[in-house]
Amino acid sequence: GKGTGLGLSMVFGIIKQHQGWIECHSDIGKGTDFDIYLPRFGDSIDKPAAPVVEKAPRGGSETILLVDDEVTILSCFRNLLSEKYDVVASLSVREALARIEQHPEFAAIVTDVMMPDLDGAKFYAAVKEGYGAALADRIVFMSGAILPERVREMLGGIANPVLEKPVPAATLRR
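Since we're looking at a predicted model, the values are computed, not measured.

Chemist: So what's going on with helix 3 (residues 93-102)? Residues and values would help.
Modeler: Among all positions of helix 3, only V93, A96, L97 and I100 are buried. In a view along the axis of helix 3, the buried residues occupy a sector of 100 degrees, so they form one face of it. Turned more than 90 degrees away from the buried face of helix 3, the exposed residues are R94, E101 and Q102. Next to the buried residues of helix 3 lie strand 3 (63-67), strand 4 (86-90), strand 5 (108-112), helix 4 (120-131) and helix 5 (133-136). For helix 3, the side-chain oxygen to backbone nitrogen distance between the N-cap and E95 is 3.0 Å, and the N-cap itself is S92.

Chemist: Lay out the sheet that holds strand 5 with the relevant residues and their values.
Modeler: On the basis of which strands lie adjacent, the open sheet formed by five strands has the order 4-3-5-6-7 and parallel pairing. The strands lining the two open edges of the sheet, one partner per strand, are strand 4 and strand 7 (162-164). Taking each pair of neighbouring strands and ignoring which way they run, the sheet shows an average axis angle of 20 degrees. Two strands pair when backbone bridges link them, and strand 6 (residues 139-143) and strand 7 are joined in this way by three bridges, in the parallel orientation. Considered in strand 7, the bridge of F141 is made with V162. Contacts from helix 3 reach strand 3, strand 4 and strand 5, with the element oriented near 135 degrees to strand 4. Lying over the sheet, helix 4 contacts strand 5 and strand 6, oriented at roughly 170 degrees with respect to strand 6.

Criteria and thresholds
- Residue positions are counted from 1 within each chain, in the order its sequence is given.
- Under the rules for a predicted model, residues below a pLDDT of 70 receive no local features and side-chain atom pairs below 80 are neither given nor counted, while totals for whole chains, interfaces and linings still include all residues.
- Heavy atoms throughout the structure, all of them, feed into the side-chain values; hydrogens and water do not.
- When accessible area is computed with a 1.4 Å probe and restricted to protein chains, residues below 20% of their type maximum are described as buried, those above 50% as exposed, and intermediate ones as partly exposed.
- Only DSSP runs of H or I covering at least 4 residues are called helices, and only runs of E covering at least 2 are called strands; the numbering of each starts at the N terminus.
- The arc in question is the one spanned by the directions pointing from the helix axis to the C-beta atoms.
- Whether two residues are in contact is decided by their heavy atoms: any pair within 4.5 Å suffices.
- Polar contact criterion, stated in full: a pair of N or O atoms within 3.5 Å, where within protein one must be able to donate a hydrogen and the other to accept it, and residues adjacent in sequence count only if both atoms are side-chain atoms.
- Criterion used throughout: strands pair if DSSP finds at least two bridges between them.
- Note on geometry: axes are lines fitted to C-alpha atoms, helical ones only across the stretch in contact, with angles between N-to-C directions running from 0 to 180 degrees.

By themselves, these observations are geometric and do not establish any function.
Below, the structure is given as structure tokens:
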């Protein structure tokens, strides 16, 4: 069956509530491993310190629009980006366009290329037509799928970056 897409974010929340952490390792063609670390209950021995994770410095007052139809990906990327930026999240391109209407000064727009309501080519065209090339040029596309020819041609004809999913955290934070 089709899930809600909330599984990983719920697991993350439960683990954080119990002073634990998750380490994620992904290899193309091999899959992804999630290692979950929780403190021992009632153990009196010294517990090892949680790993030190250096947070990226805040980018200041910049706001990024994040667009993805998968709740888990949206939540994960929002958590990563919110360490450095103010993040506005949208589950659809139409919702993203409405948010751009309200706030057309986004520092960047990070979007999945293949969305159910409008694909990346149509989204790019709508942003460029409605808000100009300056904002359209700040769109960063992400994809984990084989793209239709029309979308590949559009992406090949513009200078916008295209990130392959899974996107490494360090790459996304840049």
